[in-house]
Amino acid sequence: MDYRDALKDKKRIVIKIGSSSLTHEETGHLNLEKMERLVRLLTDLRNGGKEVVLVSSGAIAVGRKALGLQHKPTETSEKQACAAIGQASLMTVYQKLFSEYHQNAAQILMTKYTMIDDTSRINARNTFEKLNELGVIPIVNENDTISTDELAVGDNDTLSAIVAALIHADLLILLSDIDGLYTDDPRKNPDAKFIELVPELTEEYISMGKGAGTTLGTGGMKTKISAARIAADSGADMVITNGNDVENIRRILKGESTGTLFLAHKIPHFHLTNYLSGQEE
Ligand code: GLU
């Protein structure tokens, strides 16, 4: 069976875009052209009958720019203030762009607690279901303004996998600032080899996921590997691809070999709550 070909039939798709893919590298300001292309593509997927959820970072990055902060905020209250400003601003841009295509978009902000608590988890799932029935594209982020350490998922790679598991998505696409998984960090090791397919998340692959970080985002390859574990166990395939070109999403859904594909291995009796405390392993 051709695993890439099978991606053409995926129906419920979660797509995660990180701060470094949403912003201009030189200035840290939003890359509107890229956002426009992303929004157009997502709307078109929805028009073509796919169910789409977008997990978007960028709240802290946008808030930081609005305040003209020169440094990357490190203190919790400062990050939360930036997120409070930036999240609203980010959603204004998304709403404007989606409305150009007459596509309704909604905001869903979650914390780890949303998943731990049975009632809020079920409420969140029902909201996703209803939005989907209504033809709306949910845009998800962590509720950074209230996520103190115990409540924080912490990074949107993991959050997007949690969302994929929650809504029983069949595919998770992580738009990253790297093409996918390599045997080693390609920015440091020129001999690092690209991995096209991860049939099963063995120790060997896990150890390849070193923390190649960026200045804007929170996750490195390590959080992407944790996301792959949650996605695979919940029954969703996952692809890490370069977010520089949002058309990579379409290529993946056409069955083209783009990025690294991690195959799903649904475990019986999957319980999302089991994945919430030990995220960092
Ligand atoms: N929730 C954070 C934000 O929107 C980003 C977390 C991440 O980049 O993984 O700014």
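Because the structure is predicted, anything quoted here is derived from the model rather than measured.

Enquirer: Please provide a residue-by-residue account of the pattern of salt bridges, values included.
Expert: On inspection of all chains with the given rule, the structure shows 17 salt bridges. When the shortest N-O distance is used, the salt bridge between Asp5 and Lys8 registers 3.2 Å. When salt bridges with common partners are traced through the structure, they connect Arg12, Glu51 and Glu129 into a single cluster.

Enquirer: Lay out the site of the ligand in plain terms, naming residues and giving numbers.
Expert: Contacts to the ligand come from 9 residues, most closely from Ala59, Ile60, Asn141, Asp144 and Asn156. In this structure, Asn156 approaches the ligand through a main-chain N or O atom, which is 2.7 Å from an oxygen atom. When the ligand is considered free in solution it has 300 Å² of accessible area, and contact with the protein chains removes 95% of it. Split into classes, the residues belonging to the shell around the ligand amount to 2 nonpolar, 5 polar and 2 charged.

Enquirer: Go over the nonpolar core, please, and point to the residues and values.
Expert: Counting 47 residues, the largest nonpolar core has Val14, Phe128, Val140, Leu181, Met238 and Phe262 as the members making the most contacts within it. Listing elements by their share of this core, those giving two or more residues are β2 (51–56), β3 (105–110), α7 (118–133), α8 (156–166), β5 (171–176), α9 (203–208), α10 (221–234) and β7 (237–242). Here this core gets 7 residues from one element, more than from any other, and that element is α8. Judged by nonpolar contacts, the second largest core, of 33 residues, contains Ile15, Ile17, Leu54 and Ile137.

Enquirer: Explain the confidence of the model for the protein chain to me, and be specific about the residues and the numbers.
Expert: On average, the protein chain scores 92 in pLDDT, and the residues at 70 or more come to 94%. Between residues 213–217, whose pLDDT stays under 50, and residues either more than four places distant or in other chains, the model counts 14 contacts.

Enquirer: Which residues make up α8, and what values do they have?
Expert: Most of α8 sits out of view: 11 of its 11 residues are buried. What α8 keeps buried is the set Asn156, Asp157, Thr158, Leu159, Ser160, Ala161, Ile162, Val163, Ala164, Ala165 and Leu166. For α8, the N-terminal cap is Asp155; the gap from its side-chain oxygen to the backbone nitrogen of Asp157 is 3.1 Å. At the C-terminal side of α8, His168 shows a positive phi close to 55°.

Enquirer: Lay out unusual backbone geometry in plain terms, naming residues and giving numbers.
Expert: For His102, which is not glycine, the phi torsion reads 55° and is therefore positive. Note on placement: His102 falls in the loop between α5 (76–100) and β3. On the basis of relative accessible area, His102 is assigned to the exposed category, the value being 75%. Positioned with a positive phi, His269 is a non-glycine residue whose angle comes to about 55°. His269 gets classed as exposed once you look at its relative accessible area, which sits at 71%.

Rules used in this analysis
- Residues numbered from 1 in each chain as written.
- Predicted model: local features only at pLDDT ≥ 70, side-chain atom pairs only at ≥ 80, totals over all residues.
- Heavy atoms only, no water.
- Salt bridge = Lys/Arg side-chain N within 4 Å of Asp/Glu carboxyl O.
- Near = heavy atom within 4 Å.
- Polar contact = N/O pair within 3.5 Å; in protein donor to acceptor, adjacent residues only side chain to side chain.
- Areas by Shrake-Rupley, 256 points an atom, 1.4 Å probe, with all protein chains shown as cover.
- Nonpolar A, V, L, I, M, F, W, Y, C, P; charged D, E, K, R; others polar.
- Core = buried A, V, L, I, M, F, W, Y, C linked by side-chain atoms within 4.5 Å.
- Buried < 20%, exposed > 50% of the residue type's maximum accessible area, 1.4 Å probe, protein only.
- Helix = DSSP H or I, 4+ residues; strand = E, 2+ residues; numbered from the N terminus.
- pLDDT = per-residue confidence, 0-100.
- Contact = heavy atoms within 4.5 Å.

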